[in-house]
Amino acid sequence: MSLLSAAPTSLSSADLLKLKHFINDSLTRELESGNPPYDQRAEFVKQKLAEIFGRLKVSLPESIRQQLTQEAFNEILGYGPIQPLLDDPDVSEVMVNGPLKVYVEKKGKLIKTGVTFENNEQILRVIDRIILPLGRRVDADSPTVDARLPDGSRVNAIVPPVAIDGASITIRKFRKDKLSMQQLVEFGSITPQMGEFLKACVVARLNIIISGGTGSGKTTLLNVLSGLIPETERIVTIEDAAELQLQQEHIVRLETKAANIEGKGQVTIRDLVRNSLRMRPDRIVVGECRGGETLDMLQAMNTGHDGSLTTLHANTPRDALSRTETMVLMAGMDMPIKVIRQQVSAAIDLIVQQTRLKDGSRKVTAITEVAGMEGDTIVLTDIFRFEQTGMTPDGKIIGQLRPTGIRPLFTPRLEAAGFKLPPDVFGANLGDMLKRR
(Lines give C-alpha, C1' and ligand atoms only; values in the text may rest on other atoms or scores of the structure.)
Protein backbone atom coordinates (compact mmCIF):
# COMPACT_ATOMS: atom_id res chain seq x y z
CA MET A 1 0.00 0.00 0.00
CA SER A 2 1.48 3.38 -0.99
CA LEU A 3 1.50 6.00 1.72
CA LEU A 4 0.50 8.59 -0.86
CA SER A 5 -2.71 6.76 -1.72
CA ALA A 6 -3.65 5.07 1.55
CA ALA A 7 -7.29 5.09 2.56
CA PRO A 8 -8.17 7.42 5.46
CA THR A 9 -8.11 4.73 8.09
CA SER A 10 -6.30 4.17 11.38
CA LEU A 11 -2.62 3.33 10.99
CA SER A 12 -0.87 0.50 12.79
CA SER A 13 2.44 1.00 14.61
CA ALA A 14 4.25 -0.55 11.64
CA ASP A 15 2.49 1.86 9.24
CA LEU A 16 3.38 4.83 11.46
CA LEU A 17 7.02 3.73 11.45
CA LYS A 18 6.95 3.49 7.64
CA LEU A 19 5.35 6.93 7.47
CA LYS A 20 8.01 8.36 9.78
CA HIS A 21 10.78 6.90 7.62
CA PHE A 22 9.10 8.20 4.47
CA ILE A 23 8.86 11.73 5.91
CA ASN A 24 12.46 11.73 7.17
CA ASP A 25 13.83 10.35 3.87
CA SER A 26 11.85 12.93 1.90
CA LEU A 27 13.07 15.81 4.09
CA THR A 28 16.67 14.61 3.86
CA ARG A 29 16.47 14.61 0.03
CA GLU A 30 14.84 18.05 0.03
CA LEU A 31 17.60 19.44 2.27
CA GLU A 32 20.34 17.93 0.13
CA SER A 33 18.87 19.33 -3.09
CA GLY A 34 17.74 22.69 -1.69
CA ASN A 35 20.82 23.22 0.53
CA PRO A 36 19.34 26.23 2.40
CA PRO A 37 21.59 28.46 4.55
CA TYR A 38 22.07 27.12 8.08
CA ASP A 39 19.95 29.82 9.73
CA GLN A 40 17.08 29.07 7.33
CA ARG A 41 17.04 25.28 7.68
CA ALA A 42 14.28 25.18 10.29
CA GLU A 43 11.91 27.29 8.18
CA PHE A 44 12.81 25.25 5.08
CA VAL A 45 12.01 21.96 6.87
CA LYS A 46 8.74 23.39 8.20
CA GLN A 47 7.67 24.40 4.69
CA LYS A 48 8.64 21.07 3.11
CA LEU A 49 6.95 19.17 5.93
CA ALA A 50 3.69 21.00 5.20
CA GLU A 51 4.02 20.05 1.51
CA ILE A 52 4.63 16.38 2.39
CA PHE A 53 1.60 16.25 4.68
CA GLY A 54 -0.43 17.95 1.95
CA ARG A 55 0.46 15.21 -0.54
CA LEU A 56 -0.36 12.37 1.86
CA LYS A 57 -3.75 10.69 1.44
CA VAL A 58 -3.73 9.49 5.04
CA SER A 59 -6.11 10.99 7.57
CA LEU A 60 -3.98 11.73 10.61
CA PRO A 61 -5.22 12.85 14.03
CA GLU A 62 -3.71 16.20 15.02
CA SER A 63 -1.80 14.60 17.92
CA ILE A 64 -0.11 12.09 15.57
CA ARG A 65 0.67 14.84 13.09
CA GLN A 66 2.31 16.95 15.81
CA GLN A 67 4.28 13.94 17.05
CA LEU A 68 5.55 13.16 13.53
CA THR A 69 6.43 16.83 13.02
CA GLN A 70 8.42 17.02 16.26
CA GLU A 71 10.19 13.71 15.59
CA ALA A 72 11.06 14.87 12.07
CA PHE A 73 12.57 18.11 13.42
CA ASN A 74 14.51 16.15 16.04
CA GLU A 75 15.79 13.64 13.50
CA ILE A 76 16.65 16.08 10.69
CA LEU A 77 17.81 19.16 12.60
CA GLY A 78 18.52 17.80 16.07
CA TYR A 79 19.93 14.67 17.66
CA GLY A 80 17.10 12.21 17.16
CA PRO A 81 15.30 10.62 20.13
CA ILE A 82 17.59 12.26 22.72
CA GLN A 83 16.83 15.83 21.55
CA PRO A 84 13.99 16.30 24.12
CA LEU A 85 16.41 15.21 26.87
CA LEU A 86 18.96 17.77 25.71
CA ASP A 87 16.20 20.41 25.73
CA ASP A 88 15.18 19.55 29.32
CA PRO A 89 16.85 22.11 31.65
CA ASP A 90 16.71 19.68 34.59
CA VAL A 91 18.83 17.06 32.79
CA SER A 92 22.56 17.51 33.40
CA GLU A 93 23.82 14.42 31.57
CA VAL A 94 22.49 12.06 28.87
CA MET A 95 23.82 8.50 28.59
CA VAL A 96 22.99 6.16 25.70
CA ASN A 97 23.99 2.54 26.39
CA GLY A 98 22.87 0.96 23.12
CA PRO A 99 19.48 1.39 21.38
CA LEU A 100 17.21 0.36 24.26
CA LYS A 101 18.90 1.86 27.31
CA VAL A 102 18.97 5.65 27.65
CA TYR A 103 19.67 7.19 31.06
CA VAL A 104 19.80 10.76 32.32
CA GLU A 105 21.16 12.47 35.40
CA LYS A 106 18.69 14.76 37.16
CA LYS A 107 19.66 16.56 40.35
CA GLY A 108 22.55 14.15 40.86
CA LYS A 109 20.42 11.00 40.42
CA LEU A 110 20.60 8.50 37.53
CA ILE A 111 17.23 7.75 35.96
CA LYS A 112 16.36 5.34 33.13
CA THR A 113 14.15 7.03 30.53
CA GLY A 114 11.54 5.58 28.19
CA VAL A 115 13.52 6.92 25.20
CA THR A 116 14.77 4.31 22.72
CA PHE A 117 16.49 4.22 19.36
CA GLU A 118 15.17 2.05 16.54
CA ASN A 119 18.53 0.34 16.09
CA ASN A 120 22.29 0.83 16.35
CA GLU A 121 22.39 2.58 12.96
CA GLN A 122 20.20 5.40 14.28
CA ILE A 123 22.67 5.99 17.13
CA LEU A 124 25.53 6.06 14.61
CA ARG A 125 23.66 8.69 12.55
CA VAL A 126 23.36 10.89 15.64
CA ILE A 127 27.08 10.45 16.39
CA ASP A 128 27.94 11.39 12.79
CA ARG A 129 25.74 14.49 13.02
CA ILE A 130 27.69 15.57 16.10
CA ILE A 131 31.23 14.91 14.87
CA LEU A 132 31.17 15.56 11.11
CA PRO A 133 30.99 19.39 11.43
CA LEU A 134 34.09 19.16 13.64
CA GLY A 135 36.11 17.14 11.13
CA ARG A 136 36.21 14.12 13.43
CA ARG A 137 35.51 10.49 12.54
CA VAL A 138 34.52 7.32 14.34
CA ASP A 139 34.58 3.78 12.94
CA ALA A 140 35.88 0.29 13.70
CA ASP A 141 39.48 1.47 13.26
CA SER A 142 38.98 4.56 15.42
CA PRO A 143 36.09 3.56 17.72
CA THR A 144 36.18 6.42 20.27
CA VAL A 145 35.77 10.15 19.83
CA ASP A 146 35.46 13.26 22.01
CA ALA A 147 33.54 16.23 20.66
CA ARG A 148 31.23 19.02 21.74
CA LEU A 149 27.86 20.33 20.65
CA PRO A 150 27.47 23.89 19.33
CA ASP A 151 26.25 24.99 22.79
CA GLY A 152 29.48 23.67 24.35
CA SER A 153 28.10 20.43 25.81
CA ARG A 154 30.79 17.75 26.06
CA VAL A 155 30.29 14.52 24.09
CA ASN A 156 32.03 11.15 24.22
CA ALA A 157 31.03 8.42 21.77
CA ILE A 158 32.24 4.84 21.45
CA VAL A 159 31.12 2.34 18.82
CA PRO A 160 31.41 -1.41 18.10
CA PRO A 161 33.46 -3.54 18.17
CA VAL A 162 34.72 -1.83 21.35
CA ALA A 163 31.16 -1.10 22.57
CA ILE A 164 29.77 -4.62 22.80
CA ASP A 165 26.05 -3.86 23.30
CA GLY A 166 25.80 -1.13 20.67
CA ALA A 167 27.10 2.38 20.17
CA SER A 168 27.28 4.50 23.33
CA ILE A 169 26.97 8.28 23.72
CA THR A 170 27.64 10.28 26.88
CA ILE A 171 26.75 13.98 26.83
CA ARG A 172 27.65 16.30 29.70
CA LYS A 173 25.32 19.24 29.16
CA PHE A 174 26.63 22.77 29.10
CA ARG A 175 25.07 25.21 31.55
CA LYS A 176 23.80 28.24 29.67
CA ASP A 177 23.71 30.30 32.86
CA LYS A 178 27.04 30.85 34.60
CA LEU A 179 26.84 30.07 38.30
CA SER A 180 28.07 32.60 40.83
CA MET A 181 29.68 32.10 44.23
CA GLN A 182 26.45 33.31 45.82
CA GLN A 183 24.48 30.57 44.04
CA LEU A 184 26.91 27.93 45.30
CA VAL A 185 26.23 29.25 48.80
CA GLU A 186 22.46 29.08 48.20
CA PHE A 187 22.76 25.50 46.92
CA GLY A 188 24.65 24.52 50.08
CA SER A 189 27.81 23.61 48.15
CA ILE A 190 29.89 26.04 50.22
CA THR A 191 29.38 28.43 53.15
CA PRO A 192 29.64 32.24 52.88
CA GLN A 193 32.93 32.06 54.84
CA MET A 194 34.37 29.52 52.40
CA GLY A 195 33.29 31.69 49.48
CA GLU A 196 34.94 34.75 51.03
CA PHE A 197 38.13 32.75 51.63
CA LEU A 198 38.27 31.31 48.09
CA LYS A 199 37.72 34.74 46.55
CA ALA A 200 40.67 36.09 48.55
CA CYS A 201 42.84 33.15 47.44
CA VAL A 202 42.06 33.69 43.74
CA VAL A 203 42.65 37.45 43.80
CA ALA A 204 45.84 36.97 45.87
CA ARG A 205 47.16 34.73 43.06
CA LEU A 206 47.42 31.44 44.92
CA ASN A 207 47.89 28.31 42.79
CA ILE A 208 44.76 26.21 43.23
CA ILE A 209 43.89 22.62 42.28
CA ILE A 210 40.26 21.52 42.26
CA SER A 211 40.12 17.80 43.00
CA GLY A 212 37.11 15.53 42.64
CA GLY A 213 35.51 12.48 41.09
CA THR A 214 33.68 12.23 37.76
CA GLY A 215 30.57 14.40 37.72
CA SER A 216 31.35 16.00 41.08
CA GLY A 217 31.20 19.56 39.73
CA LYS A 218 34.90 20.36 39.26
CA THR A 219 34.42 22.31 36.03
CA THR A 220 31.51 24.26 37.51
CA LEU A 221 33.66 25.30 40.47
CA LEU A 222 36.60 26.10 38.17
CA ASN A 223 34.24 28.36 36.20
CA VAL A 224 33.19 30.18 39.37
CA LEU A 225 36.75 30.63 40.68
CA SER A 226 38.08 31.71 37.26
CA GLY A 227 35.35 34.32 37.13
CA LEU A 228 36.92 35.98 40.20
CA ILE A 229 40.18 36.78 38.37
CA PRO A 230 40.51 40.58 38.03
CA GLU A 231 39.64 42.14 34.66
CA THR A 232 43.09 43.69 34.40
CA GLU A 233 44.84 40.34 33.95
CA ARG A 234 45.54 38.35 30.76
CA ILE A 235 44.07 34.86 31.04
CA VAL A 236 44.93 31.85 28.87
CA THR A 237 42.48 28.92 29.16
CA ILE A 238 43.44 25.45 27.94
CA GLU A 239 40.84 22.70 27.55
CA ASP A 240 40.10 19.44 25.75
CA ALA A 241 36.62 20.72 24.95
CA ALA A 242 35.92 24.39 25.63
CA GLU A 243 33.52 24.59 28.60
CA LEU A 244 34.72 27.56 30.64
CA GLN A 245 32.46 30.61 30.50
CA LEU A 246 34.74 33.40 31.64
CA GLN A 247 33.31 36.89 31.28
CA GLN A 248 36.58 38.82 31.47
CA GLU A 249 37.60 40.73 28.36
CA HIS A 250 41.29 39.74 28.03
CA ILE A 251 41.06 35.98 27.47
CA VAL A 252 42.81 33.66 25.01
CA ARG A 253 40.91 30.36 24.71
CA LEU A 254 42.88 27.32 23.52
CA GLU A 255 41.47 23.88 22.71
CA THR A 256 43.16 20.59 21.87
CA LYS A 257 43.00 19.12 18.38
CA ALA A 258 42.73 15.45 17.49
CA ALA A 259 44.98 13.85 14.87
CA ASN A 260 43.68 13.70 11.29
CA ILE A 261 43.01 10.50 9.34
CA GLU A 262 46.74 10.13 8.67
CA GLY A 263 47.45 10.39 12.40
CA LYS A 264 49.03 13.82 12.07
CA GLY A 265 48.25 17.28 13.37
CA GLN A 266 47.40 16.38 16.96
CA VAL A 267 47.71 19.21 19.49
CA THR A 268 47.67 18.04 23.11
CA ILE A 269 47.07 19.79 26.44
CA ARG A 270 50.82 19.55 27.04
CA ASP A 271 51.57 21.28 23.72
CA LEU A 272 49.18 24.09 24.64
CA VAL A 273 50.55 24.51 28.19
CA ARG A 274 54.08 24.84 26.82
CA ASN A 275 52.93 27.28 24.15
CA SER A 276 50.95 29.36 26.66
CA LEU A 277 54.17 30.22 28.50
CA ARG A 278 55.22 32.21 25.42
CA MET A 279 51.95 34.16 25.37
CA ARG A 280 52.68 36.45 28.35
CA PRO A 281 49.86 35.07 30.52
CA ASP A 282 49.03 36.53 33.91
CA ARG A 283 46.98 33.41 34.60
CA ILE A 284 46.92 29.93 33.11
CA VAL A 285 43.68 27.99 33.58
CA VAL A 286 43.81 24.33 32.51
CA GLY A 287 40.47 22.55 32.31
CA GLU A 288 41.93 19.26 33.54
CA CYS A 289 45.40 17.83 34.11
CA ARG A 290 45.54 14.14 33.30
CA GLY A 291 49.06 13.43 32.02
CA GLY A 292 52.53 14.78 31.38
CA GLU A 293 51.28 18.35 31.09
CA THR A 294 51.14 18.33 34.90
CA LEU A 295 54.94 18.73 35.01
CA ASP A 296 54.75 21.74 32.68
CA MET A 297 51.95 23.18 34.81
CA LEU A 298 54.00 22.80 38.01
CA GLN A 299 57.03 24.40 36.38
CA ALA A 300 54.86 27.31 35.23
CA MET A 301 53.54 27.73 38.78
CA ASN A 302 57.11 27.71 40.08
CA THR A 303 58.45 30.24 37.57
CA GLY A 304 56.29 33.30 38.12
CA HIS A 305 52.89 32.22 36.81
CA ASP A 306 51.13 32.53 40.16
CA GLY A 307 47.38 32.26 40.34
CA SER A 308 47.10 29.26 38.01
CA LEU A 309 44.05 27.00 38.33
CA THR A 310 43.33 23.46 37.17
CA THR A 311 41.32 20.34 38.04
CA LEU A 312 42.19 16.67 38.39
CA HIS A 313 40.45 13.41 39.28
CA ALA A 314 40.99 12.35 42.90
CA ASN A 315 38.77 11.50 45.87
CA THR A 316 40.70 13.30 48.65
CA PRO A 317 43.32 16.07 48.86
CA ARG A 318 45.98 13.47 49.76
CA ASP A 319 44.96 11.38 46.73
CA ALA A 320 45.23 14.54 44.62
CA LEU A 321 48.91 14.85 45.57
CA SER A 322 49.56 11.17 44.79
CA ARG A 323 47.85 11.54 41.42
CA THR A 324 49.87 14.68 40.70
CA GLU A 325 53.10 12.77 41.36
CA THR A 326 51.97 9.96 39.04
CA MET A 327 51.09 12.38 36.25
CA VAL A 328 54.44 14.15 36.56
CA LEU A 329 56.14 10.78 36.01
CA MET A 330 54.02 10.37 32.86
CA ALA A 331 56.00 13.26 31.35
CA GLY A 332 58.87 10.79 30.88
CA MET A 333 61.34 12.62 33.12
CA ASP A 334 63.42 10.37 35.37
CA MET A 335 63.04 12.33 38.62
CA PRO A 336 63.38 11.08 42.22
CA ILE A 337 60.06 11.08 44.05
CA LYS A 338 61.41 13.52 46.67
CA VAL A 339 62.29 16.04 43.95
CA ILE A 340 58.80 15.71 42.49
CA ARG A 341 57.25 16.28 45.92
CA GLN A 342 59.43 19.35 46.46
CA GLN A 343 58.16 20.74 43.13
CA VAL A 344 54.56 19.93 44.05
CA SER A 345 54.77 21.48 47.53
CA ALA A 346 56.46 24.60 46.17
CA ALA A 347 53.97 25.03 43.32
CA ILE A 348 50.55 24.25 44.81
CA ASP A 349 49.09 26.42 47.55
CA LEU A 350 45.56 25.08 47.92
CA ILE A 351 43.52 21.96 47.11
CA VAL A 352 39.75 22.34 46.93
CA GLN A 353 38.01 18.95 47.18
CA GLN A 354 34.70 18.76 45.31
CA THR A 355 32.47 15.74 46.00
CA ARG A 356 29.19 14.35 44.76
CA LEU A 357 27.61 12.78 47.84
CA LYS A 358 25.47 9.64 47.83
CA ASP A 359 22.25 11.67 47.81
CA GLY A 360 23.32 13.39 44.57
CA SER A 361 24.23 16.72 46.17
CA ARG A 362 27.56 18.33 45.29
CA LYS A 363 29.66 20.00 47.96
CA VAL A 364 33.14 21.31 48.60
CA THR A 365 34.08 18.77 51.27
CA ALA A 366 37.57 20.11 52.05
CA ILE A 367 39.71 23.20 51.46
CA THR A 368 43.25 22.14 52.25
CA GLU A 369 46.52 24.08 52.38
CA VAL A 370 49.69 22.51 51.00
CA ALA A 371 51.90 23.58 53.91
CA GLY A 372 55.37 22.50 52.75
CA MET A 373 57.51 19.41 53.41
CA GLU A 374 58.46 17.44 56.49
CA GLY A 375 61.19 15.02 55.50
CA ASP A 376 59.93 13.21 52.39
CA THR A 377 56.26 13.94 53.08
CA ILE A 378 54.11 16.84 51.90
CA VAL A 379 52.22 18.42 54.80
CA LEU A 380 48.51 19.08 54.30
CA THR A 381 46.38 21.24 56.60
CA ASP A 382 42.58 21.34 56.36
CA ILE A 383 41.24 24.89 56.59
CA PHE A 384 37.59 23.89 56.03
CA ARG A 385 36.01 20.44 56.17
CA PHE A 386 32.60 18.80 55.66
CA GLU A 387 31.50 16.61 58.55
CA GLN A 388 28.65 14.18 57.91
CA THR A 389 26.48 13.61 60.97
CA GLY A 390 23.71 11.38 59.63
CA MET A 391 21.15 10.66 56.96
CA THR A 392 17.41 11.29 56.71
CA PRO A 393 14.96 8.42 56.09
CA ASP A 394 14.66 9.50 52.44
CA GLY A 395 18.43 9.21 51.95
CA LYS A 396 19.44 12.88 52.23
CA ILE A 397 22.83 13.37 53.86
CA ILE A 398 23.00 15.56 56.98
CA GLY A 399 26.23 17.35 57.76
CA GLN A 400 27.99 20.66 58.20
CA LEU A 401 30.68 22.59 56.37
CA ARG A 402 32.82 24.21 59.01
CA PRO A 403 36.26 25.79 59.51
CA THR A 404 38.86 23.79 61.42
CA GLY A 405 40.05 26.78 63.46
CA ILE A 406 43.43 26.85 61.70
CA ARG A 407 44.68 29.90 59.82
CA PRO A 408 46.68 29.08 56.66
CA LEU A 409 50.39 29.87 56.51
CA PHE A 410 49.77 32.01 53.41
CA THR A 411 47.58 34.46 55.37
CA PRO A 412 50.18 37.26 54.89
CA ARG A 413 49.78 36.89 51.10
CA LEU A 414 46.03 37.39 51.46
CA GLU A 415 46.58 40.48 53.60
CA ALA A 416 49.12 41.88 51.13
CA ALA A 417 46.41 41.57 48.45
CA GLY A 418 44.02 43.59 50.63
CA PHE A 419 42.10 40.72 52.28
CA LYS A 420 42.24 40.91 56.07
CA LEU A 421 39.74 38.15 56.78
CA PRO A 422 38.03 38.33 60.19
CA PRO A 423 38.85 35.58 62.73
CA ASP A 424 35.36 34.00 62.48
CA VAL A 425 36.06 33.01 58.85
CA PHE A 426 38.58 30.50 60.20
CA GLY A 427 36.41 29.45 63.13
CA ALA A 428 37.81 31.59 65.93
CA ASN A 429 34.76 30.71 68.05
CA LEU A 430 35.40 27.04 67.30
CA GLY A 431 38.97 27.42 68.56
CA ASP A 432 37.73 29.05 71.79
CA MET A 433 35.28 26.21 72.35
CA LEU A 434 38.04 23.61 71.90
CA LYS A 435 40.28 25.49 74.37
CA ARG A 436 37.50 25.57 76.99
CA ARG A 437 37.14 21.82 76.62
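One structure accompanies this document, and this report is about it. (Residues numbered from 1 in each chain as written. Predicted model: local features only at pLDDT ≥ 70, side-chain atom pairs only at ≥ 80, totals over all residues. Heavy atoms only, no water.)

## Points about the packing of aromatic side chains
Argument step 1. Under the defined criterion, the tally for this structure stands at 3 aromatic pairs.
Argument step 2. With centroids separated by 5.5 Å and ring planes inclined at 50°, the aromatic side chains of F197 and F384 adopt a geometry described as tilted. Of this pair, F197 sits in helix 7 (residues 192–203) while F384 sits in strand 14 (residues 377–391), placing them 187 residues apart in sequence.
Argument step 3. Residue class for F197 comes out buried when judged on its relative accessible area of 0%.
Argument step 4. Take F384: its relative accessible area is 1%, and that puts it in the buried class. (Phe/Tyr/Trp six-rings, centres within 6.5 Å; stacked < 30°, edge-to-face > 60°. Helix = DSSP H or I, 4+ residues; strand = E, 2+ residues; numbered from the N terminus. Buried < 20%, exposed > 50% of the residue type's maximum accessible area, 1.4 Å probe, protein only.)

## A look at the sheet that holds strand 3 (residues 109–112)
Argument step 1. Within the open sheet, the 6 strands sit side by side as 3-2-1-6-5-4. Their pairing is antiparallel. Looking at strand neighbours, the two that pair on one side only are strand 3 and strand 4 (144–148), the edges of this open sheet. Recorded for the sheet is a direction-independent mean angle of 15° between the axes of neighbouring strands.
Argument step 2. When strand 1 (residues 91–97) meets strand 2 (residues 102–106), the two strands line up antiparallel, connected through 5 bridges. Bridged to V96 within strand 2 is V102.
Argument step 3. Packed onto the sheet, helix 5 (residues 120–131) meets strand 1, strand 4, strand 5 (154–158) and strand 6 (168–172) and runs at close to 45° relative to strand 6. (Pairing = 2+ DSSP bridges. Axes fitted to C-alpha atoms, helices over the stretch in contact; angles between N-to-C directions. Contact = heavy atoms within 4.5 Å.)

## Looking at the sheet that holds strand 10 (residues 283–286)
Argument step 1. Read across the sheet, 9 strands follow the order 9-8-10-11-7-12-13-14-15 without closing on themselves; strand pairing throughout is mixed. Two strands bound the open sheet, and with one partner strand each, they are strand 9 (251–255) and strand 15 (397–403). Each strand of the sheet is rotated relative to its neighbour by a mean of 25°, with strand direction disregarded.
Argument step 2. Sheet topology places strand 10 next to strand 11 (residues 309–313); 2 bridges connect them, and they run parallel. Bridge assignment links V285 to a residue of strand 11, and that residue is L309.

## Looking at unusual backbone geometry
Argument step 1. Cis geometry marks the peptide bond from P160 to P161; its omega dihedral reads 10°.
Argument step 2. Among the structural elements, P161 can be located in the loop between strand 5 and strand 6.
Argument step 3. The phi angle at R205 is positive, at roughly 65°, despite the residue not being glycine.
Argument step 4. Residue classification places R205 among the partly exposed residues on the basis of a relative accessible area of 23%.
Argument step 5. Of note, R280 is a non-glycine position whose phi angle comes to about 50°, a positive value.

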